[in-house]
Amino acid sequence: MSASRQTSPGYFVPAPSRHPAMASAGLLVIVASAAAWINGLPWAHWTLALGLLWLLTVLRGWFGDAIGESEGGRYGRNIDRSYRWSMSWFIFSEIMFFGAFFGALFYARTLATPELGSLDSKLLWPGFTATWPNAGPAGLVETFKPMGPWPIPTLNTAVLLTSGVTLTIAHHALRAAHRARAAFWLFLTIALGFIFLGFQSFEYFHAYQELNLKLTSGMYGSTFFLLTGFHGFHVMMGATMLSVILIRILKGHFTPEHHFGFEGAAWYWHFVDVVWLGLYVVVYWL
């Protein structure tokens, strides 16, 4: 929100919009194309790319309209409260999303593996031991080495924790009306996010080429790549959100009193930080 505009005291009701229907059409194309790609249809990757491009274009227009409404003074206290509750529930849904994967890892490692160890190994495969990770089922999973916490995961932990600090500094600078300082620290936060993604890409290369650790490496491989991969995707989305906020700061949007666009993206980023701490302890150390 720019400093010169006045906020509406009422509750703004937007006009009917084409964006929800257009976004739904794009999502339908994406899901159908992904299913077709998995089943080996040669054209599916092209339609998937078109669906993604369509969805991104729709979202750009949709969010652009929302920003225009905000900068036009149509949003007041009621809209602000609505956005805060919406973002809170969205982050709660993300907690449940990652909770499912953490639950699957806990079940496989803490409950299922010891229980299988109480069975006669001939019921499973010869030489089975109730250890985590194991290379089972025998004959189907190639031998692999698990990923340790050093050096890349530990470095990435330091990178993400530092990014949380720089983002907090940017927030305090914005609240103090130091726009240039806020933009600098926010840019540094975004850079740290992309450094994290670069390290994680190298980690995946190391896992496949040197450890023979793949998505198909049994329960360990599937939970490892699903948890770390989805987290990496959330880092990418968070960095994208913060990049949009940086552009808005440079354009003169937001005031010390009204800047929920910044705060919502910051909530998301801090959530990503907390999830990584759980991943670092549960996936890499234990």
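In this text the structure is predicted, and so the values were computed from the model without any measurement.

Further remarks concern the nonpolar core. Counting 49 residues, the largest nonpolar core has M147, L186, L213, F224 and F262 as the members making the most contacts within it. Residue assignment for this core shows that the elements contributing at least two residues are α3 (77-117), α4 (152-175), α5 (179-209), α6 (218-250) and α7 (260-285). Take this core: its biggest share by element is 14 residues, from α7. Counting 5 residues, the second-largest nonpolar core is a separate cluster that includes A23, I30, L48 and V58.

Bringing α5 into the picture now. The periodicity of an α-helix, 3.6 residues per turn, causes residues three or four positions apart to be oriented the same way. The terminal C-alpha atoms of α5 lie 45 Å apart, and with 31 residues this matches the ideal 45 Å at 1.5 Å per residue to within 8%. Of all the positions in α5, only A182, A183, L186, T189, I190, L192, G193, F196, L197, Q200, E203 and A207 are classed as buried. Where α5 is buried, its residues touch α4, α6 and α7.

In this structure, the second largest pocket encloses a volume near 220 Å³. What lines the second largest pocket is a set of 14 residues, and nearest its centre among them are T113, L116, W132, N134 and M219. Tallied by class, the residues present in the lining of the second largest pocket amount to 10 nonpolar, 4 polar and no charged.

Turning next to empty space enclosed by the protein. Where empty space is left becomes clear once a probe the size of a water molecule has been rolled over the atoms. A complete count under the given rule lists 1 cavity of 30 Å³ or more for this structure. The space that makes up the largest cavity amounts to roughly 40 Å³. Every residue lining the largest cavity is listed: L105, R109, W132, Y220, T223, F224, L227 and V283. When residues of the lining of the largest cavity are traced back to their parent elements, those giving at least two are α3 and α6. The biggest single contributor to the lining of the largest cavity is α6, with 4 residues. Grouping the constituent residues of the lining of the largest cavity by class yields 6 nonpolar, 1 polar and 1 charged.

On to the packing of helix α1 (residues 19-38) against helix α2 (residues 44-71). At a minimum axis separation of 8 Å, α1 and α2 run at an interaxial angle of 160°. For the element pair α1 / α2, the angle class is roughly antiparallel. Classified by chirality, the crossing of α2 by α1 is left-handed. Contact with α1, carried on its side by H19, P20, M22, A23, G26, L27, V29, I30, S33, A34, A36 and W37, involves A44, H45, T47, L48, G51, L52, W54, L55, V58, G61, W62 and D65 of α2 and no other residues of that element.

Glancing now at unusual backbone geometry. Put simply, W132 and P133 share a cis peptide bond, and its omega is -5°. With respect to the helices and strands, P133 occurs in the loop between α3 and α4. Look at the link from W150 to P151: it is a cis peptide, with omega at 0°. As for its placement among the helices and strands, P151 is situated in the loop between α3 and α4. One non-glycine residue, A177, lies in positive phi territory at about 65°. If you trace the backbone, A177 turns up in the loop between α4 and α5. Despite not being glycine, F254 shows a phi value in the positive range, around 75°.

Here is what the cut-offs are and how they apply
Residues numbered from 1 in each chain as written. Predicted model: local features only at pLDDT ≥ 70, side-chain atom pairs only at ≥ 80, totals over all residues. Heavy atoms only, no water. Core = buried A, V, L, I, M, F, W, Y, C linked by side-chain atoms within 4.5 Å. Buried < 20%, exposed > 50% of the residue type's maximum accessible area, 1.4 Å probe, protein only. Helix = DSSP H or I, 4+ residues; strand = E, 2+ residues; numbered from the N terminus. Expected span 1.5 Å × (residues − 1). Contact = heavy atoms within 4.5 Å. 1 Å grid on protein atoms, 1.4 Å probe; cavity = no way out; pocket = protein on both sides within 12 Å on 5 of 7 lines; lining within 4 Å. Points joined across faces, edges and corners; volume = space filled by probe spheres on them. Nonpolar A, V, L, I, M, F, W, Y, C, P; charged D, E, K, R; others polar. Axes fitted to C-alpha atoms, helices over the stretch in contact; angles between N-to-C directions. Parallel < 35°, antiparallel > 145°, perpendicular 65-115°, else oblique. Left-handed = near helix turned anticlockwise from the far one by under 90°.

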